[in-house]
Amino acid sequence: MKTTINGHSIEFEPRHDETALEVIRERAGLTGTKLACGGGICGACTVRVAGVALCSCLMPATQMDGKEIETIEQHGRDNLHPVQRAFMANEGLQCGFCTPGFINEGIAFYDRWRAEYGTKTPSREQVALAMSGHLCRCAAYIGIYDAIQQACAGQFDDMTDLIAPRVDALEKVTGEATYTVDAVLGTQQLEGKILRSIHPHAIIRSVDKRAALALDGVLAVTDLLAGKERVRWVGQPIVGVAAVDEQSAEKALSLIKVDYDIQPAVIDFRAAMDKNSAEVYPDGKSDMPTAAEGMSLPYRWENNVGHIPFSLITSKRPNKAARKIDAARQSNSKNLSEYTFHNAQQVHTALEPHATIAQWTGTTALHVIASTQNVHALRTKIADHFDLDREQVTVESHYIGGGFGGKQGLYEETIAAVTLARATQGRAVRVVASRFEDLAYTGLRPGSLSETSILTNDDGSPQAIRLHAYGDAGIASGTIAATGYSTMSPSGILRDLRDYAVLTNTTAGKPFRGPDAPVARWAIEQAIDEAAVKHQLDPVAMRRKWWPDHAIKNRLLDWVESLPAWQTRGAVGSDEGRYKRGIGLAATQWFFLYNPDVEVKVSVSPAGITVHCATQDIGNGTRTALAKAVEDAMGIDRNTVRLDIGNADRPLGPTAGGSQVTTSVYPTTFTATARVMAHLVEEAEAKLGLKEPIAGQGGITHQGGFTPWDAVWAIAEPFSFTEKRGKEQGMTAALMNLAMGENDPSIGRRFGHGMVVTEVEVDTRLGKIRPINVWTAVAVGRIFVPELATSQLYSGVIQGLGYALYEAKQYDFKTGHTLTGNLNDYRLPGIGDTPDIHVHYDEEGHEKIRGQGFGLAELATIGVAASVGNAVYHATGWRPTNTPITPQDVVSGLQGV
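Note that the structure is a prediction, hence the values are computed from the model and not measured.

Conventions used here
- Residues numbered from 1 in each chain as written.
- Predicted model: local features only at pLDDT ≥ 70, side-chain atom pairs only at ≥ 80, totals over all residues.
- Heavy atoms only, no water.
- Pairing = 2+ DSSP bridges.
- Helix = DSSP H or I, 4+ residues; strand = E, 2+ residues; numbered from the N terminus.
- Axes fitted to C-alpha atoms, helices over the stretch in contact; angles between N-to-C directions.
- Contact = heavy atoms within 4.5 Å.
- Patch = residues over 30% accessible without salt bridge, like charges linked within 9 Å, V, L, I, M, F, W, Y side chains within 5 Å.
- Areas by Shrake-Rupley, 256 points an atom, 1.4 Å probe, with all protein chains shown as cover.
- Salt bridge = Lys/Arg side-chain N within 4 Å of Asp/Glu carboxyl O.
- Lys, Arg positive; Asp, Glu negative; His and termini not counted.
- Charge placed at Lys NZ, Arg CZ, Asp CG, Glu CD.
- Buried < 20%, exposed > 50% of the residue type's maximum accessible area, 1.4 Å probe, protein only.
- Parallel < 35°, antiparallel > 145°, perpendicular 65-115°, else oblique.
- Left-handed = near helix turned anticlockwise from the far one by under 90°.
- Nonpolar A, V, L, I, M, F, W, Y, C, P; charged D, E, K, R; others polar.
- Core = buried A, V, L, I, M, F, W, Y, C linked by side-chain atoms within 4.5 Å.
- pLDDT = per-residue confidence, 0-100.
- Polar contact = N/O pair within 3.5 Å; in protein donor to acceptor, adjacent residues only side chain to side chain.
- Phe/Tyr/Trp six-rings, centres within 6.5 Å; stacked < 30°, edge-to-face > 60°.
- Lys NZ or Arg CZ within 6 Å of the ring centre and 35° of its normal.

## A few points about the sheet that holds strand β1 (residues 2–5)
No. 1: Taken together, five strands build an open sheet; the order of strands is β2-β1-β5-β3-β4 and the sheet is mixed. Each end of this open sheet is capped by a strand with a single partner; those strands are β2 (8–11) and β4 (52–55). Across this sheet, the average inter-strand angle for adjacent strands is 35°, counted without regard to direction.
No. 2: Of the pairings in the sheet, the one linking strand β3 (residues 46–49) to β4 comprises four bridges and is antiparallel in character. Its bridge partner being in β4, R48 is matched across the sheet by A53.
No. 3: Seen against the sheet, helix α3 (residues 99–117) touches β3, β4 and β5 (68–70) and runs at an angle of roughly 30° to β3.

## A look at a negative patch on the surface
No. 1: Residues D384, D387, D389 and E391 make up a contiguous surface patch of negative charge.
No. 2: Inspection of the secondary structure puts D387 in the loop between α12 (375–385) and β17 (393–396).
No. 3: The exposed category is assigned to D387, whose relative accessible area is 71%.

## Some points on the packing of helix α2 (residues 82–89) against helix α5 (residues 141–152)
No. 1: Orientation of α2 relative to α5, taken along the N-to-C sense of each, is 140°, at an axis distance of 8 Å. Considered as vectors, α2 and α5 are oriented oblique to each other. Along this stretch, α2 crosses α5, giving a crossing that reads as right-handed. Residues P82, V83, A86 and F87 of α2 pack against I144, A147, I148 and A151 of α5.
No. 2: Its residues assigned to classes, the contact of α2 with α5 shows eight nonpolar, no polar and no charged.

## Side note on the nonpolar core
The nonpolar side chains of a soluble globular protein tend to be buried with one another.
No. 1: In terms of nonpolar packing, the biggest core is built from 107 residues, with F87, Y141, W546, L823, V868 and I885 touching the most fellow members.
No. 2: No other element matches helix α16 (residues 517–534), which puts nine residues into this core.
No. 3: Not counting chain neighbours up to four residues away, the residues in contact with V868 comprise T758, V760, L801, A804, L805 and I885.
No. 4: Of all hydrophobic cores here, the second largest spans 35 residues; its members include V167, V611, V681 and W713.

## A few points about the pattern of salt bridges
No. 1: All told, the structure shown has 53 salt bridges when counted by the stated rule.
No. 2: Here R232 makes a salt bridge to D287, at a shortest N to O gap of 3.6 Å. One end of the pair, R232, is in the loop between β9 (230–231) and β10 (237–243); the other, D287, is in the loop between α9 (269–272) and β12 (300–302), with 55 residues separating them in the sequence.
No. 3: A relative accessible area of 30% places D287 in the partly exposed class.

## Digging into the sheet that holds strand β27 (residues 699–702)
No. 1: With antiparallel pairing, the three strands of this open sheet are ordered in space as β26-β27-β28. Of all the strands in the sheet, the pair left with one neighbour each is β26 (694–696) and β28 (705–708). The mean angle between the axes of side-by-side strands here comes to 30°, regardless of whether they run parallel or antiparallel.

## Some details on the pairing of β10
No. 1: By the criterion of burial, β10 is predominantly enclosed, with seven of the seven residues buried.
No. 2: In this sheet, β10 lies alongside strand β6 (residues 190–196) in antiparallel orientation, the contact comprising six bridges. Bridged to K193 within β10 is V241.
No. 3: For strand β8 (residues 218–223) and β10, the ladder comprises five bridges, and the chain directions are antiparallel. Bridge pairing links T222 to G240 in β10.

## Description of the packing of helix α17 (residues 539–546) against helix α18 (residues 551–562)
No. 1: Packing of α17 against α18 brings their axes to within 10 Å, and their N-to-C directions diverge by 175°. One element, α17, and the other, α18, form an angle in the roughly antiparallel class. Each of V540, R543 and R544 in α17 lies in contact with α18, whose residues at this interface are N554, L557, D558, V560 and E561.
No. 2: When its residues are assigned to classes, the contact of α17 with α18 shows three nonpolar, one polar and four charged.

## A closer look at the pairing of β28
No. 1: As paired elements, β27 and β28 share four bridges and run antiparallel to each other. Across the sheet, the residue bridging to G699 is P708, located in β28.

## Points about the confidence of the model for the protein chain
No. 1: Residues at a pLDDT of 70 or more form 97% of the protein chain, whose mean pLDDT is 95.
No. 2: Low pLDDT (under 50) marks residues 731–741, which in the prediction has 37 contacts with non-local residues, meaning those over four places away or in another chain.

## Digging into the environment of Y811
No. 1: Residue placement: Y811 occurs in the loop between α23 (786–805) and β32 (836–841).
No. 2: The class for Y811 is buried, based on a relative accessible area of 12%.
No. 3: A C-alpha to C-alpha distance of 8.3 Å links Y811 and D268, two positions 543 residues apart in sequence.
No. 4: Those residues within four positions of Y811 in sequence are excluded, and the remaining contacts are I267, Q345, L444, T506, T507, G816, H817, T818 and L819.
No. 5: Looking at Y811, its side chain comes within polar contact range of the side chain of K809, at 3.4 Å.

## Focus: the packing of aromatic side chains
No. 1: Tallying each qualifying case throughout the model produces 18 aromatic pairs.
No. 2: For the pair F97 and Y179, a centre-to-centre distance of 5.2 Å together with 90° between the ring planes defines the contact as edge-to-face. Highlighted residues: F97 in the loop between α2 and α3 and Y179 in the loop between α6 (169–174) and β6, separated in sequence by 82 residues. Of the two residues, F97 and Y179, both sit in the buried class.
No. 3: On the numbers, 6.3 Å between centres and 25° between planes, the contact of Y666 with F670 is stacked. One end of the pair, Y666, and the other, F670, are both in helix α21 (residues 661–687), four residues apart, so they sit about a helical turn from each other.
No. 4: Grouped by ring-pair contacts, the aromatic residues F97, Y179 and Y399 constitute a single cluster.
No. 5: In this arrangement the basic side chain of R827 is found over the ring face of Y806, its NZ or CZ atom lying 4.0 Å from the centre.
No. 6: Directly above the aromatic system of Y873 lies the positively charged group of R879, at a separation of 4.2 Å from the ring centroid.

In structure tokens form, the structure reads like this:
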């Protein structure tokens, strides 16, 4: 069989079940084309066949015969297509994993559009229709809209200069970026697979591996139970297999026989709250994981329900708060607003699944490539788990296809890869989760049930608040929605805040962008909105009563009141007809997280400036933040700065999580660069004989002229400076062991603040909710990289809309198996779901901290769902209490209005 890929002829004999995607990636070695869903849903594998965009994961290899196929590599850095240039210029990407598919579809659309319409600009609706078969979990849809519209309009046809705020954009739009799923260690890399429990609770009597070990092509079958006999959830690893190819590994799994002693299990979260339900940990909770990565919390347990005693510390006179709320309930006071809210579990769904490659050299040196948010701490965790010194372990992670909090620790794919590699005598082993495994078994944002009461005074000012949050994190504890809110509530009010963990025999929860905060905001902000209704107050006026003296919050509320859409906002449910529009407000707040132990090294050689740090870029823009700090200090193009990240051997870097990265690395890099500049001035004075040299933007000014930096470092001896971030004054120590490893982030006494205003249209007949506009404002001080900050805000809004309207992990309550195991059943926001998003920055108020600003990625998303809930109420007079707000819930709820 013969096919042509990017103009090169390839002859091969396909397997009967082989896909075009496998041929492209494995036989042709073109890894820009990605496997993300395997079902033709996400579009990451899109190629062009005779100019037509097709999903290569669905195309049988037998259909490639005689075809002309083009992949993303057809347009490399030396012959970029206008669509690629437009994506780079418009921030049409973040992690970049989905980007090749979008660009191939975009090129096909560009060709059709230009042939029929010339340089007319397509509408958003036309672009959305063309791109409807593609998903971007980073939600870079605003930039994608702009990129395709501008490319079709001819704005990039004759452009030769590259415009790209993101320094790694070129590698991502050309398919050059190598992710963990693309990497290869050695020449004989093996494929690893995991045999998982098919029961939610069982004791393993025996495992028969003999037939699997006897299979041709199988090199190792290893135990993954680590001495345990009990499995507690469907999907828990039991055995790992390493084989020469994926097909052999899968066949080996089918030959392993497991004898289960099935135990009672509880799957339904509400059923688990019954004290007579089947116990998840009948043998003790010593091996119970936590949904808050690295955070150990003390619980008092009654069967599957545990509560945190220090809720009494984070509360304020909780018994008095409870008495006042109970009395108000008895008297049917209009000053009391209370609901029970529920949030479904949300799955991270990074398009690059969990993946690790491991290779041993002898028995003492281990090399790991992993899709991780924390290379530095992962090395420590691996060393501890496998009884090694840290110096014996190398961990790399150069391009990561999204994380969103779910790739911060040592997880099953890494343990399996390292264990299997140890058994294969020097062969590398790759373990990659399938899309089903990634959705079903690798983690999730915990669900919650929140009993919420707000008691106000007669003028609407707050008097007492009650939030009892029951976390739904599967076999894990560690949810702290109420505790987290305690640091953000008005200081003078009575607070009865309690967190409970409810255990079930399901997958363990993990941190997810803004852990637990969307739960608290969904409950509290809707209760505040309800109180405003009862007091006949505008929602802005109501929130001013909560924060009468808070300068930043009141500036943000001034901004809300200045919005024309807010000024013309009508009464609740005032729209006539089938389609009703509403506008909702939610206030939001997040911690000032940074890592005081972060170190950044800036080195100089005749080749230029290099920044070294053991951090990683998951699409959040770490590379660009580092390069931008050098650009701002020296006045050189950020794209000329070399970046040495993604390796645990470099100076300690921050976790990509909690909005701590930029505020940890930018000021540190800027200061290190300033020291480099001072040294270069000395070098220039000594070696070039410059008189009265002064460091400046772009180079050195001196008597008689100006010498650019590249001319100075060309003659300088190689040298470097390493700078440590250090603690801020007035900062707390690490809170409750909040750590991903040995490098604990610190929490400041300051907060980032925000307001989210959302306009929705509700179809009262079919129950569909369509977001139309979102206005989002953040006050986090200085915005270090404005283009990427705006992209993060867009992303946070769209992910928040997914939480509010679409996303829910669902189980079969009888078997414990996941029902939402593909991207059809687990619904992510698509480009057509994207509203117009408007961004406002308030940069005042944080001038005293180093760098004068901090992170915003968490702040961008945590209040979005609550603003949607309040908008739905404003449109219809019905208040949603569950996320996601399904069409069925809307139709049912409106029947009671």
